[in-house]
Amino acid sequence: MLKTIDIDDVEEGMFVDSIAKQQGTFRITSRGRVTSAAAITLLKKKGILSVVVDMSKQLKPKVVEQEEPEAPAAVPETSHKVSFESELEVASKLHTKGKYIQKTMLESVGKNLPVDIAIPEAFTNNLVSSIDRNPNALMCMTKIREKDTYLLEHSLNVAILLANFGTYVGLAEEQIQELALSGFLHDIGKIKIPDDILHKPGRLNDQEMTIMKDHVYYGTKVLIEMGIPEPIVETIGQHHERLDGYGYPEGLRGAEITQFGRMIAIVDTYDAITADRCYKVGMSSKKALQILLQDAPEKYDEGLVKQFVQCIGIFPVGSLVKLSNEKIAMVLKQHPVHATKPVVKVFYSIRSNHYLEPKELDLATISNGVKIVDAVIASDFKLDFNKYFNESIVV
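Read on for an overview of the structure. Just so you know, these numbers come straight off a predicted model, no measurement behind them.

This part takes up helix α9 (residues 206–226). If you check α9, its first and last C-alpha atoms are 31 Å apart, about what 21 residues at 1.5 Å a residue would give, namely 30 Å. Those residues of α9 that are buried are in contact with α3 (84–110), α7 (173–185), α8 (195–198) and α10 (230–237). Put simply, Asn205 is the residue that caps the front of α9, since its side-chain oxygen is 3.1 Å from the backbone nitrogen of Gln207.

Cis geometry marks the peptide bond from Tyr248 to Pro249, where omega comes out at 10 degrees. Looking at where Pro249 falls in the secondary structure, it is placed in the loop between α10 and α11 (259–274). With an omega dihedral of 5 degrees, the bond running from Ala296 to Pro297 counts as a cis peptide bond. Relative to the elements of secondary structure, Pro297 occurs in the loop between α12 (285–294) and α13 (302–312). Despite not being glycine, Glu326 shows a phi value in the positive range, around 65 degrees. Residue position: Glu326 is located in the loop between β5 (320–323) and β6 (327–333). We classify Glu326 as partly exposed; its relative accessible area is 26%. One non-glycine residue with positive phi stands out, namely Asn353, at about 60 degrees.

The final tally for this structure, using the stated rule, is 13 salt bridges. Where Lys103 meets Glu107, a salt bridge forms, and the shortest distance between an N and an O atom there is 2.8 Å. Residue Lys103 and its partner Glu107 are located together in helix α3, separated by 4 residues, close to a single helical turn. For the salt bridge of Asp187 with Lys190, the shortest nitrogen-to-oxygen distance reads 3.4 Å. Judged by relative accessible area, which is 1%, Asp187 ranks as buried. Residue class for Lys190 comes out buried when judged on its relative accessible area of 10%.

Further remarks concern the sheet that holds β5. Judged by pairing direction, the sheet is antiparallel, and its 5 strands sit side by side in the order β8-β7-β6-β5-β9 without closing on themselves. Each of the sheet's edge strands pairs with one partner strand only, and the pair in question is β8 (354–362) and β9 (372–376). Sheet twist, expressed as the average angle between the axes of neighbouring strands with direction ignored, equals 30 degrees. The pairing of β5 with β9 spans 4 bridges and is antiparallel. The partner of Lys322 across the bridge, within β9, is Asp374.

On to the nonpolar core, then. Within soluble globular proteins, side chains that are nonpolar tend to cluster in buried spots. Counting 85 residues, the largest nonpolar core has Leu127, Leu185, Phe308, Phe347 and Phe385 as the members making the most contacts within it. Beyond its immediate sequence surroundings of up to four residues, Phe308 is in contact with Phe165, Ile266, Val267, Tyr270, Leu289 and Leu292.

Quick look at the environment of Met139 now. Relative to the assigned elements, Met139 resides in helix α5 (residues 135–141). Along the sequence, Met139 and Ile312 sit 173 residues apart, while their C-alpha atoms lie 8.6 Å from each other. Setting aside its immediate chain neighbours within four residues, Met139 contacts Ile160, Leu161, Asn164, Ile312 and Val317.

A word on the pairing of strand β4 (residues 48–54). With respect to burial, β4 is a largely interior element, 6 of its 7 residues being buried. In this structure, strand β1 (residues 2–6) lies alongside β4, joined through 5 bridges in antiparallel fashion. Looking at β4, one finds that Lys3 is bridged to Val53. Where strand β2 (residues 15–22) and β4 come together, 5 bridges link them in antiparallel fashion. Across the sheet, residue Ile19 finds its bridge partner in β4, namely Val51.

The rules we used
- Counting restarts for each chain, with residues numbered from 1 along the sequence as it is written.
- Confidence filtering applies because this is a predicted model: local features only for residues at pLDDT of at least 70, side-chain atom pairs given and counted only at 80 or more, and all residues used for totals across whole chains, interfaces and linings.
- Processing note: side-chain calculations cover all non-hydrogen atoms of the structure and skip hydrogens and water entirely.
- Here a strand is any run of E in DSSP of at least two residues, a helix any run of H or I of at least four, and the numbering for each starts at the N terminus.
- For a helix, the expected span equals 1.5 Å multiplied by the number of residues minus one.
- Two residues qualify as a contact provided that any one of their heavy atoms is within 4.5 Å of a heavy atom in the partner residue.
- By the criterion applied in these results, polar contacts are pairs of N or O atoms within 3.5 Å in which, for protein atoms, one can donate a hydrogen and the other can accept it, and in which residues neighboring in sequence qualify only through two side-chain atoms.
- Accessible area is worked out with a 1.4 Å probe on protein chains only. A residue is then buried under 20% of its type maximum, exposed over 50%, and partly exposed in between.
- A pair is scored as a salt bridge if a Lys or Arg side-chain nitrogen falls within 4 Å of a carboxyl oxygen belonging to Asp or Glu.
- For two strands to be treated as a pair, DSSP must find at least two bridges joining them.
- Between the N-to-C directions of two axes lies an angle of 0 to 180 degrees, each axis being a line fitted to C-alpha atoms and, for a helix, fitted only over the stretch in contact.
- Take the buried residues of types Ala, Val, Leu, Ile, Met, Phe, Trp, Tyr and Cys, join any two whose side-chain atoms come within 4.5 Å, and each joined set is a nonpolar core.

The quantities given are spatial measurements derived from coordinates; they are silent on function.
Here is the structure:
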């Protein structure tokens, strides 16, 4: 049953069919449910005076709340240094929550519905707090990837990596939060790209690439309409710009690209290279860092690339390495001085071709000569790394 009601009478859970009366040119191009008070506020700001709602599709607010998974209530209000083990459970919940927020946010943008920006803001603030307490926990979570969820995980990972990077270079907390939010929102425009191009299992042709590049335009347009602060929109708009002027969408060069624009370009590229995509297998972190160093200073800021390498390490936390004793291990903690001697957790024997009881090993203190031979990826040995991680690390 359709009913026209005043905007002041709109409640969470109502299903908006269309705009009845307004001041201005804001359009709702598809119908959808009001999921938050912030969405109603945004409609009011856009000059909406009354709307047509479908009363038969209305949900009670408490039902809407039940759709959302439980928030990570374990996040402490104050930041203090804690152990990897203590923070890992919190980080795991944050990671799950982040993917859920990405999914619901992209669905809303895809339907041209308002997004409650307070939700990603609060989330990225919690993310920054976790990084401050122990960065290794969330850094580990960036290595957990599921098939067909690249878009969700990529933006989340970029936010995590930027928070860690910003902390490492000594930015103020407010700037780190701004960077993290920029990373979390940077690919929001991709929901406007046709699926056959976004998920094409092969190289895009010139016409398809032109369409794909429009995701930056769509993203910044949506963010401006959401009322996102201009500096964040600027950073997001520059994540595909390159110092040599051959990036997009504006072809900015050199000093025209901000520090945050340079940082997000480095992190975005790094995570994209290491991710499994529908058309390629992800590379190791070590290989991704080598590519970034090779492309600096032409494409990327050389000083920032070197700082990023120092920040995450040659063998980043969560990455896999092959040891000289023919075993596979996951990096748990960087050594403050010796980059090639981190703390690792051994869990697989190459020689015997089977999983081992996980055992922690400090490569800086052992005397039997075991060392890292190279960085590897799980698919090299047909390992179900996600299963191992969830069963043996997140306990």
